[in-house]
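Take a look at the letters that make up each chain.
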Amino acid sequence: MGVTGRVVLRPSPPALSQKGEGVNRKSEIGNFKLEMKRMKSLFQDIRYGVRVLARAPGFTLVAVLSLALGIAANTSIFSVVYAVLLRPLPFAEPSQLIGVDNGGHLIRTFTESPADFLATDYETTSFESLAAYDNEGSVNLTEVGEAERILTTRVSTNFFPTLGVNPMLGRNFLTTEGKVGADRVVILGHGLWQRRFNANRDAIGKMVKLNGQSFSVIGVMPEGFEFPQYNGKAEMFVPLIWRDDLIAKEGIFIQVIGRLKSGITLERAQAEMNTITQRIELQEGYKVDPIRLTLLSREFSKHVGAALWILLGAVGFVLMISCANVAGLLLERAASRQQELAVRSAVGASRARLVRQLLTESIVLASLGGGVGVLLSWLSLNALVSISPVQISPIHTIEINPAVMLFTLGASLVTGVVFGLAPSLQFSKPDLNDLLKQGGKGLTARGSRVQQLLIISELAIALVLLVSATLMLKTFRNFISLDKGFDSSGVLTLEISPPKTKYKDKKQQADFYQRIIENIRDVPGVLSVGGANHIPLASKQGRMIVPLYVEGRQSGDQWPASGDYRVISPDYFRAMGITLLKGRAFQNQDDQKSQRVVVVNEAVARQLFPGEDPIGKRLIIFDAKDKPYEIIGVVADTRNWGLAEKPMPEFYLSYQQSAPPFLGLAVRTKDDPRRLIEEIRHAVAAIDPDQPLYNVITMEQALSDSISKERFAMFMLGLFAAMAFILAIGGIYGVMSYSVTQRTHEIGVRVALGAREPQVVRMILRQGIILIVIGLTIGLASSFALTRVLAGLLYGVNPADPAVFSLAALLLGLVALFACYVPARRASRVNPMEALRYE
């Protein structure tokens, strides 16, 4: 007989299951009710806090404005910092995009096989791709409306794929379009497409003329895509065609970017590049600069990053002073509410409950300050952008966006907690008996000490900002007073670039330049016109350093000297106001048929002919085997590349002997040169209607732009220092006034017993002087340590300049002393009878 097995399922008893579910429901309901009770209590605290602030409109207005100034300043500066330093670039996976700084060595090394540079990535394993672009291009655009000079970037055909961006219309470049003999094609920027093609989708396939050559439009980049140029933002992209002779003879310098492979760190890629550098040195047989990799985002912001971080730190100091001021006001206000707090404590309110109420009021106050601060920041944002340094790339859009709003919200909440913490902890545990007897008057000794610490902190921070602003002011003054080597007043600068298809040789180019100069010289109001391939501070062309040899001297394999060369017209020195020290300037007779001549600056004369007269000496330029140039003149040194840079060796050639492919013009006028721009434009169009003017700017504006970073730092630090100064002085005045008010009864007794007015003043001042001395001492020590970070922005100024430190401390100390003297003077004139009735 078999045995049958079976499985018996035994469910839980219904009663037990229902009971468990009931317990869970009760627990959930209980938790929900508790949360609702807490929320209701929080809303009650907020409503009560709003009513309390509304009952003291004067206090609320002062506190909100103080906070609003600090929060507005922080919001504005953070909007710039976020746009330039923190916001990811608008490209696919921007953290993988790398800038490759190779000093040109990689390009020179692989000019025999440039395709290998782009295809095999130097046999690296770190990069998904490497791309190249020329960062200094511009072309004449014709046959689409009025002739215009367009900033153009020449890019390798894999440039856009490396960035992870595709055209919104049309297609990308083909690999074959980056080779010699390929069809000429161009991709338009979105702004240019809208401006010159009326946003017409039929622009694809149309022909445009660039420098006299026909190009076919194959694509349009999406809205918002911008790639920074050396002198602005590119509006047009053409293939960078690799030609060994072009690289060698015309000196094209390209920029390199790369995209790291997934999982590859910057450190690993850098280690691999270090190995490549060593291999290049072995192949070349000499020392080369290392290959440096940086995040592309940092590459775009490297010129202003340090200054922006300094300003963010400075504006944080301003917010700290605002918080200290409001904390002092809240301490005074909490002192007057001690009786209220004692009553609430007596009827059962816990200390935690009182702390929460006081902190809630502080946060409400901070929220109001934050709201007003955002409004002030939004209203001032355009002004901030207008004075921001020209080095801030066009790729950075400064705006009040969600990230900036989140920062402002966080700053408001943190400041609310920070300045509300001291009064909350100080007065949330009142002594019931004493307070109910005193009627809630008077700060406790601990509260008074907290106020004193706040004032000391405000003075110290204000002094740090005042010293920093004074150092930057002295730097700016040094820049303005520098001898530039030229006269910038009344000079308009512009550039022209005749297409080689129309002006094929140097003789035609020189004739074209001469006719342009003569036509502009005939414009009423023009005093003189000079041309050069580089106008100091105004031109956007790069340096052109070439070797110099003295005829008859042994040079060996090394260059004996090098100089930055200029190709100029005869009237260039007069138009620019450059002083001729010896010899003569160029004349119209110095053409291709005459003896080669050269003018040198003082730096060349000092370096190559110390203690000698250089006039009549002969220089060999570019190549030791070339024909010599006779020195006919010596001119003053000029600061061409920035006021902070010392003048370098420089020489000048006649443009009639060696015409450049482009020419900058300096037009000296009787009055405001901007009034003559249109007439000058017509004078050029009369010679060639297809020749646009570009980089039209006054020399004064070029000079201003060259120190825009320093001016921006000076202005902002000065503004923050002024805000800190006013807030700190207001803070010490408020503390001293409140202290005098609290001591009214004591002062009345002293006066009634015979104390004289000077004695009362000295008694009150003594307290303020102690605070001032301590605050200034801490401020001087802090300034000595912190101003070191300004060293990169200073010029001709010691970060620890004793005169600046002394002047700033003296100014702040005297004004702070006056802020103490006013309430002291008022206290000395108190009526004894009224004072005795004060309590």
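Undergrad: Would you take a moment to explain the side chain of Arg 196 for this structure?
TA: Secondary-structure assignment places Arg 196 in helix α6 (residues 190-197). Side-chain polar atoms of Arg 196 contact the side chain of Glu 148, separated by 2.3 Å.

Undergrad: Quick question: what am I supposed to make of the packing of helix α23 (residues 757-786) against helix α24 (residues 802-828) here?
TA: To describe two helices that pack against each other, one gives the angle between their axes and the distance between the axes. Between α23 and α24, whose axes approach to 8 Å, the crossing angle comes to 155°. Judged on the interaxial angle alone, α24 and α23 are roughly antiparallel. α24 is crossed by α23, and the crossing has right-handed handedness. Here Glu 757, Val 760, Val 761, Ile 764, Leu 765, Gly 768, Ile 769, Ile 772, Leu 776, Leu 780, Ser 783 and Phe 784 of α23 come into contact with α24, specifically with Phe 805, Ala 809, Leu 812, Gly 813, Ala 816, Leu 817, Cys 820, Tyr 821, Ala 824, Arg 825, Ala 827 and Ser 828. Class assignment of the residues belonging to the contact of α23 with α24 gives a composition of 18 nonpolar, four polar and two charged.

Undergrad: How should the side chain of Gln 656 be read in this particular structure?
TA: Structurally, the position occupied by Gln 656 is in the loop between β21 (650-654) and β22 (663-669). A relative accessible area of 15% places Gln 656 in the buried class. In this structure, Gln 656 is in contact with Ala 510, Gln 514, Gln 587, Asn 588, Asp 590, Asp 591 and Gln 592, ignoring residues within four places of it in sequence.

Undergrad: What exactly am I supposed to notice about the nonpolar core here?
TA: One recurring pattern in soluble globular proteins: nonpolar side chains tend to sit buried together. Counting residues in each nonpolar core, the largest one holds 104 residues, and the members touching the most others are Tyr 572, Tyr 652, Phe 720, Ile 732 and Leu 812. Per-element accounting of this core gives the leading share, 17 residues, to helix α21 (residues 708-742). In contact with Tyr 652, other than residues within four places in its own chain, are Arg 566, Ile 568, Tyr 572, Phe 573, Ile 578, Phe 586, Val 597, Val 598, Val 599, Val 635 and Thr 638. Within the second largest apolar cluster, 42 residues are counted, among which are Phe 512, Val 523, Val 529 and Val 684.

Undergrad: Any chance you could explain the packing of helix α16 (residues 506-521) against helix α19 (residues 677-687) here in plain terms?
TA: α19 packs onto α16 with a crossing angle of 140° between their chain directions and a minimal axis gap of 9 Å. Of the possible angle classes, the one that applies to α16 and α19 is oblique. You can see that α16 and α19 cross each other, and the crossing is right-handed. Between α16 and α19, the contacting residues are Phe 512, Arg 515, Ile 516, Asn 519 and Ile 520 on the first element and Ile 680, Ala 683, Val 684, Ala 686 and Ile 687 on the second. In the contact of α16 with α19, the residues fall into eight nonpolar, one polar and one charged.

Undergrad: Which parts of the structure should I look at to understand the packing of aromatic side chains?
TA: Aromatic ring pairs: the centre-centre distance and the angle between the two ring planes describe each pair. Under the criterion given, the structure shown has 17 aromatic pairs. Between Phe 479 and Tyr 795, the aromatic rings sit 5.0 Å apart at their centres with planes inclined by 15°, giving stacked as the arrangement. Placement of Phe 479 in helix α15 (residues 445-481) and of Tyr 795 in the loop between α23 and α24 is noted, with a sequence separation of 316 residues between them. Judged by its relative accessible area of 3%, Phe 479 falls in the buried class. A residue is classified by how much of its surface remains accessible, and Tyr 795, at 22% relative accessible area, is partly exposed.

The rules behind each value
- Residues numbered from 1 in each chain as written.
- Predicted model: local features only at pLDDT ≥ 70, side-chain atom pairs only at ≥ 80, totals over all residues.
- Heavy atoms only, no water.
- Helix = DSSP H or I, 4+ residues; strand = E, 2+ residues; numbered from the N terminus.
- Polar contact = N/O pair within 3.5 Å; in protein donor to acceptor, adjacent residues only side chain to side chain.
- Axes fitted to C-alpha atoms, helices over the stretch in contact; angles between N-to-C directions.
- Parallel < 35°, antiparallel > 145°, perpendicular 65-115°, else oblique.
- Left-handed = near helix turned anticlockwise from the far one by under 90°.
- Contact = heavy atoms within 4.5 Å.
- Nonpolar A, V, L, I, M, F, W, Y, C, P; charged D, E, K, R; others polar.
- Buried < 20%, exposed > 50% of the residue type's maximum accessible area, 1.4 Å probe, protein only.
- Core = buried A, V, L, I, M, F, W, Y, C linked by side-chain atoms within 4.5 Å.
- Phe/Tyr/Trp six-rings, centres within 6.5 Å; stacked < 30°, edge-to-face > 60°.

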